[in-house]
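Notes for the structure review
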Amino acid sequence: MMDLVIPDKVHDESRQGEALLLEPKTESNGRKLYIESYGCAMNFSDSEIVASILAEKGFETTADYNVADVIFINTCSIRENAEQRVRNRLRDFTIAKVKNPGLVVGVLGCMAERLKSKFLEEEKLVDVVVGPDAYRDLPNLIEQVDGGQKAVNVLLSREETYADISPVRLNSNGINAFVSIMRGCDNMCSFCVVPFTRGRERSRDPQSIVAECAGLFDSGYREVTLLGQNVDSYKWKPENKQEQKTETEKPVLGMDLLDKVLASGEDLSVMYNHTVEEGDVTFANLLEMVALISPELRVRFSTSHPKDITDDVLYTIAKYDNICNYIHLPIQSGNSRVLKLMNRTYNREWYMDRVAAINRIIPNCAISTDIITGFCSETEEEHQDTLSIMDHVQFYFAYMFMYSERPGTLAAKRYADDIPDAIKKRRLQEVVAKQQEHSHERLKKLVGTTQRVLIEGFSKKSNKDYSGRSDQNTVVVFPVGEGYKPGEYVDVLIERCTTATLIGMAHSPQTSAN
Ligand code: 5AD
Ligand code: SF4
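Each chain carries its own residue numbering, running from 1 in the direction its sequence is written. Here the convention is simple: chains get letters from A, ligands get numbers from 1, in the order in which they are written. With the structure being a predicted model, the display of local features is reserved for residues of pLDDT at least 70 and the display and counting of side-chain atom pairs for 80 or more, all residues being used for whole-chain, interface and lining totals. Side-chain calculation: all heavy atoms of the structure are included, whereas hydrogens and water are not.

Time to look at the environment of Leu-115. Within the fold, Leu-115 resides in helix H4 (residues 110–115). Working definition: with a 1.4 Å probe on protein chains only, accessible area under 20% of the residue-type maximum means buried, over 50% means exposed, and in between means partly exposed. Accessibility expressed as a relative area gives 5% for Leu-115, which makes it buried. Taking C-alpha positions, Leu-115 is 9.4 Å from Val-154, a pair spaced 39 residues apart along the chain. Every residue in contact with Leu-115, bar those within four places of it in the chain, is listed here: Arg-87 and Glu-122. Helical segments are the DSSP runs of H or I of at least four residues, strand segments are the runs of E of at least two, and each set is numbered from the N terminus. Should any heavy atoms of two residues lie within 4.5 Å, those residues are considered in contact.

Take a look at the structure:
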């Protein structure tokens, strides 16, 4: 499978497989943890939670798996190639295990949740399989393996948000941080495995989110990205209105839940829970609370779903200069029949209306997207609809993928994966070529303008240049100079561009995000 992306921070290709290093929190227990992550930003954020949980128990982190006592690999299931990558990576740990038979090898995250104990049968090297809601159990599970058993915990939860665990962020540049605000997804897009691997949607207490963001700001961070599979359905009920949870009620989640809904003949919309009542904290409210921490703190968020990005959210973005003018709004397809098969619950016209609302309420807002080519039964004309809506919107950038059937999903149950790979690939190439044109056109229009940039560090190519991002999330490169440094804002006059980068000269240091 081929995936093509124009990278940004949320799905940063260069971070795939990155190992995490933390300062030990408590007295060392003499054991070393090696943890590496794949997939989306949520997984990278989860690995920091895992490392924090084990640091409390005295584990130190190492960037060299050859000296580790515990190797964890935090996995992604979104497409088949993501899973293949993890399986290949596991082979690399075989020799380490032969050298150190006491070594614990664990698989965490979405692939662990999807395959459960089957993982232990398929990959003999693996000792522990742990799903995304069971990380608090890791110290016990490691003990179980120390006692000579294999260990599995893939229980999904309706409540776990790890709200009380403040992740330590040592791999970070100390300037931008990801803060997860919700977990799971109730959307049931027919192609997607996430509702099965990450369970039902639940939001984190807003006070703990604001406290984490304020703490980050106090320790020098200047940008937070609020993370969730579907941030616009963030919702927190006041304590007195929280649903009563009965201890005995066993939650039905994941694949089992889908089977139950399908068997009952109920509409899939029973999976959603989006009514907002008086007193609820919505995503628009949360954005405002975080924006008010300081005008010097930039606020970003990802991912928005076209069906529930409200005008309220758009007005909040427009109201606060430090909420960045950038929205990631996955479209998946430009054809209404395909969108219906995908169970996206919006059509082409709805998407165009949301784009019009963004352009009206937040002029100059950059929009990026996700596109899938060759979904079940997609015709050539329907593929053309995707190309034509791209012309209409002119996305700043896009993540573009060939459809990859995932076992257990609604599409796998209901539709044939009938578009040959060669056609999926050709359609993908057409989509990518168009996107490259649009990205370049968008950036060319910015030549001659001045962009406020949060400096993140030296550019990838040279330490004579700094690199940072504009409000609209475009990488800007300019010469290192007197009077400004990483973590500060500077106005940059854009002189030229490539297809993905703006290049210019710094004017003057600035104190606020806009
Ligand atoms: N095949 C291809 N792409 C997928 N995505 C999710 N599931 C699949 C799949 N089965 C893409 C969607 C989503 C992004 C995170 O990954 O575009 O928005
Ligand atoms: Fe998957 Fe759709 Fe949920 Fe995104 S919104 S995680 S594509 S089910």
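Here the narrative resumes.
The working definition used for a salt bridge is a side-chain nitrogen of Lys or Arg within 4 Å of a carboxyl oxygen of Asp or Glu. Evaluated as defined, the whole model comprises 39 salt bridges. A salt bridge links Arg-183 to Asp-133; the shortest N-O distance between them is 3.7 Å. Of this pair, Arg-183 sits in strand S10 (residues 182–183) while Asp-133 sits in the loop between strand S7 (128–130) and helix H6 (138–146), and the two are 50 residues apart along the sequence. Here Arg-183 matches Asp-133 in class, with each residue buried. Arg-354 serves as the salt-bridge partner of Asp-311, at 3.0 Å between the closest nitrogen and oxygen. Highlighted residues: Asp-311 in helix H11 (residues 311–319) and Arg-354 in helix H13 (residues 348–361), separated in sequence by 43 residues. One salt-bridge network, in which partners are shared between bridges, spans Asp-46, Asp-133, Arg-183, Arg-198 and Arg-202.

Time to look at the site of ligand 2. Distances are taken per atom, and a residue is near a molecule or strand as soon as one of its heavy atoms is within 4 Å of it. In the vicinity of ligand 2, the residues found are Cys-185, Asn-187, Met-188, Cys-189, Phe-191, Cys-192, Val-194, Pro-195, Gln-229, His-305 and Arg-344. Class assignment of the residues belonging to the shell around ligand 2 gives a composition of seven nonpolar, three polar and one charged. Residue type decides the class: Asp, Glu, Lys and Arg count as charged, Ala, Val, Leu, Ile, Met, Phe, Trp, Tyr, Cys and Pro as nonpolar, and the leftover types, Gly among them, as polar.

Moving on, we come to the sheet that holds strand S12 (residues 223–227). Any two strands are treated as partners once DSSP identifies two or more bridges connecting them. Strand order in this open sheet of three strands is S9-S12-S15, and the pairing throughout is parallel. Since the sheet does not close on itself, it has two edges, and those belong to strand S9 (176–180) and strand S15 (298–302), each with one partner. Strand-to-strand twist of the sheet, defined as the mean angle between neighbouring strand axes without regard to direction, takes the value 25°. Bridge count for S12 against S15 is five bridges, and the pairing is parallel. Residue pairing for S15: Val-224 is matched across the bridge by Val-299. The strands that helix H8 (residues 206–218) touches are S9 and S12; relative to S9, the one it contacts most, it runs at about 170°. Between N-to-C directions, angles cover 0 to 180 degrees, with each direction set by a line fitted to C-alpha atoms, over the stretch in contact for helices.

Let us look at the side chain of Asp-186. Relative to the assigned elements, Asp-186 resides in the loop between S10 and helix H7 (194–198). What makes Asp-186 buried here is its relative accessible area of 4%. Separated by 2.9 Å, the side chains of Asp-186 and Arg-200 make a polar contact. A polar atom in the side chain of Asp-186 sits 2.9 Å from the backbone nitrogen of Glu-201. Between N or O atoms, a polar contact is any pair within 3.5 Å; within protein, one atom must be a potential hydrogen donor and the other a potential acceptor, and residues adjacent in sequence are included only when both atoms are from side chains.

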